[in-house]
Amino acid sequence: MRILLAILSFFMLVGTSAAGGHFVRVRGTGLVRPDGSELFITGTNLGNWLNPEGYMFGFRNTNSAWMIDLMLKEMVGPDDAAAFWRAFKDNYVTRDDIRFIASTGANTVRLPFNYKLFTDEDYMGLTSAQDGFARIDSLVSWCQDNGLYLILDMHDCPGGQTGDNIDNGYGYPWLFESVAAQELFVSVWRGIASRYKDEPVILGYELMNEPIAHYFENKAELYTCLEPLYKRTVKAIREVDPNHVILLGGANWNSDFSMFSDWKFDDNIMYTCHRYGGPATADAIRSYIDFRDRTGLPMYMGEIGHNTDEWQAAFVRVMRENNIGYTFWPYKKVDNSCMNAVVRPEGWDSVVVKFSEALRTTYADMRAARPSQEEARRILAQYLENIRFANCRPQLSYIKSMGLKAE
């Protein structure tokens, strides 16, 4: 009898492992934890950390990572710019930040990242041996220690997937017209999945953020390219990782799902939408709810925010009532409209922001606009101190509007 029980236990264990028993999985229109309990995603986005965006520094027209990097190089030189980025990555999100997020009752963080972190391309202070895996490894460890799940979101894809500043590209979604960019996109995701295939803290892989903006006359043609590329990438991921949920965003700022016709090509996929502004009602996201019900798969609000506390609290109620988990955007930025606010250093606007907006078309323009090196370096150094967790200002009413607790 003991031998029979041992054999049965062994096969039960094998079956659990084969079914991804240690991982969050899709079940109907919801998600379940390894113990079978339901998981309703609640949390925030670690935006700006590994995919800098100008407005989160207080810049206006200098709004993509490559533009910010170029501006810094023109202001203080390439060596100081590279040193700035390395310190920025060290200070912007740390174990203390993750501990704080967990203390609010959040259960998930979404990590936007640039694909270049997994290549030898010039990005954020490094020109080879990029540190993407090292950064994610640290974040995984912090999330493990604080009971948070992690969604990996490729916010900036090879060639650019959006055609606007948020993809750090060049004003068009070249990804969908470039064979080389698509091959790199698939390869990077396969590499990420291979490394993290056995990591249960990672909830899932969000293949790309906000593909194909609405600006382009050929957008309908571009839309037809989205699902085939998703399928190709999922196939490559599944060759090395059968365990993790894969998240698929719709076109037009993650709002249009009309191009999707096959939601049965994988048994562990879900969809993700975004919403900024508009009425805080279920009718405002009716198309998302209807698509969720039609597919029988979960819908998750990957980004929402930048509104009044009252609007956000009302929308949280709507999402909870309609079983749509959410992560607010963003966790940290200058000023407010976030969970943790960065204080602008003295002189930030009059020196750094002013230079970012100055005419710099010619070398003569650069020389005329360039501030004192001593002053610029001092202000940048102070900014790097101000972004540390201990020096930020928690936005308590904002946190409460997210349906979380703040003390």
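Preceding this paragraph is the structure being described.
Owing to the predicted nature of the structure, the values given are computational and were not obtained by experimental measurement.

Reading the values: the criteria
Residues numbered from 1 in each chain as written. Predicted model: local features only at pLDDT ≥ 70, side-chain atom pairs only at ≥ 80, totals over all residues. Heavy atoms only, no water. Helix = DSSP H or I, 4+ residues; strand = E, 2+ residues; numbered from the N terminus. Rg over C-alpha atoms; globule rule 2.2 N^0.38 Å. Lys, Arg positive; Asp, Glu negative; His and termini not counted. Charge placed at Lys NZ, Arg CZ, Asp CG, Glu CD. Axes fitted to C-alpha atoms, helices over the stretch in contact; angles between N-to-C directions. Parallel < 35°, antiparallel > 145°, perpendicular 65-115°, else oblique. Left-handed = near helix turned anticlockwise from the far one by under 90°. Contact = heavy atoms within 4.5 Å. Nonpolar A, V, L, I, M, F, W, Y, C, P; charged D, E, K, R; others polar. Expected span 1.5 Å × (residues − 1). Buried < 20%, exposed > 50% of the residue type's maximum accessible area, 1.4 Å probe, protein only. Pairing = 2+ DSSP bridges. Core = buried A, V, L, I, M, F, W, Y, C linked by side-chain atoms within 4.5 Å. Right-handed = clockwise from strand over helix to strand, strands pointing away. Phe/Tyr/Trp six-rings, centres within 6.5 Å; stacked < 30°, edge-to-face > 60°. Salt bridge = Lys/Arg side-chain N within 4 Å of Asp/Glu carboxyl O.

Engineer: Talk me through the overall build of the protein; I want residue IDs and the actual numbers.
Structural biologist: Scanning the protein from terminus to terminus reveals 15 helices and 14 strands. For the protein, the C-alpha radius of gyration of 22 Å lies close to 22 Å, the compact-globule estimate for 407 residues. With respect to the principal axes defined by its C-alpha atoms, the protein has extents near 85 × 50 × 45 Å. Across the protein, 41 positive and 51 negative side-chain charges occur, with their mean positions spaced 4 Å apart.

Engineer: An account of the packing of helix H3 (residues 78-92) against helix H14 (residues 373-386) is needed here, citing residue identities and associated values.
Structural biologist: What describes two packed helices is the angle between their axes and the distance between those same axes. Orientation of H3 relative to H14, taken along the N-to-C sense of each, is 15°, at an axis distance of 10 Å. Classified by the interaxial angle, the pair formed by H3 and H14 is roughly parallel. Read as a crossing pair, H3 and H14 show a hand that is right-handed. Contacts from Asp80, Phe84, Ala87, Phe88, Asn91 and Tyr92 of H3 reach H14 at Arg377, Leu380, Tyr383 and Leu384. Residues of the contact of H3 with H14, tallied by class, amount to seven nonpolar, one polar and two charged.

Engineer: Requested: an account of helix H11 (residues 309-321), with residues and values cited.
Structural biologist: If you check H11, its first and last C-alpha atoms are 18 Å apart, about what 13 residues at 1.5 Å a residue would give, namely 18 Å. What H11 keeps buried is the set Trp311, Gln312, Ala314, Phe315, Val316, Val318 and Met319. Where H11 is buried, its residues contact strand E9 (269-275), strand E10 (299-304), strand E11 (325-328) and helix H15 (396-401). After H11 finishes, the residue Asn323 shows a positive phi value of roughly 55°.

Engineer: Explain the sheet that holds strand E1 (residues 25-27) to me, using residue names and the numbers behind them.
Structural biologist: An order of E1-E2-E3 is seen for the three strands of this open sheet, with the pairing classed as antiparallel. The open sheet has two free edges, formed respectively by E1 and strand E3 (38-39), since each of these has just one partner strand.

Engineer: Give a detailed account of the sheet that holds strand E13 (residues 340-342), specifying residues and quantitative values.
Structural biologist: Pairing in this open sheet of three strands is mixed, and the strands run E12-E13-E14 from one edge to the other. Where the open sheet ends on each side, the last strands, each with one partner, are strand E12 (332-334) and strand E14 (393-394). In this sheet, E14 lies alongside E13 in antiparallel orientation, the contact comprising two bridges. Paired with Asn340 across the bridge in E14 is Pro394.

Engineer: Please give an account of the nonpolar core that cites residues and values.
Structural biologist: Formed by 128 residues in total, the largest nonpolar core has its most connected members in Leu152 and Tyr383. In terms of residues, this core owes the most to one element, helix H6 (residues 179-196), which gives eight residues.

Engineer: Requested: an account of the environment of Val140, with residues and values cited.
Structural biologist: One can find Val140 in helix H5 (residues 132-146). Given a relative accessible area of 6%, Val140 falls into the buried group. Residues Val140 and Ser258 lie 118 residues apart in sequence; the distance between their C-alpha atoms is 34 Å. Sequence-distant contacts of Val140, defined by excluding residues within four places in its chain, comprise Leu150, Tyr196, Glu199, Val201 and Ile202.

Engineer: Before we move on, could you go through the pairing of strand E6 (residues 149-156) and cite the residues and values that matter?
Structural biologist: On a regular strand, each side chain points to the face opposite its neighbour's, so the side chains alternate between the two faces of the sheet. Among the eight residues in E6, eight count as buried, and that is most of the element. Summarising the sheet, strand E5 (residues 108-114) and E6 pair through seven bridges and their orientation is parallel. Bridged to Arg110 within E6 is Ile151. Regarding the hand of the β-α-β motif, the stretch spanning E5, H5 and E6 is right-handed.

Engineer: Which residues make up the packing of aromatic side chains, and what values do they have?
Structural biologist: For the structure on display, the rule yields 35 aromatic pairs. Aromatic pair Phe260 and Tyr271: ring centres 5.4 Å apart, planes at 45°, arrangement tilted. Of the two residues, Phe260 is situated in the loop between helix H9 (251-254) and E9 and Tyr271 in strand E9; the sequence distance between them amounts to 11 residues. The buried category is assigned to Phe260, whose relative accessible area is 5%.

Engineer: With reference to specific residues and values, describe the pattern of salt bridges.
Structural biologist: One pass over the full model with this rule turns up 24 salt bridges. One salt bridge connects Asp80 with Arg377, and the closest N-O pair in it is separated by 2.4 Å. Taken together, the residues span a long stretch of sequence, with Asp80 in helix H3 and Arg377 in helix H14 at a distance of 297 residues. Residue classification places Arg377 among the partly exposed positions, given a relative accessible area of 39%. Among the charged side chains, a salt-bridge network with shared partners connects Lys89, Asp90, Asp131 and Arg135.

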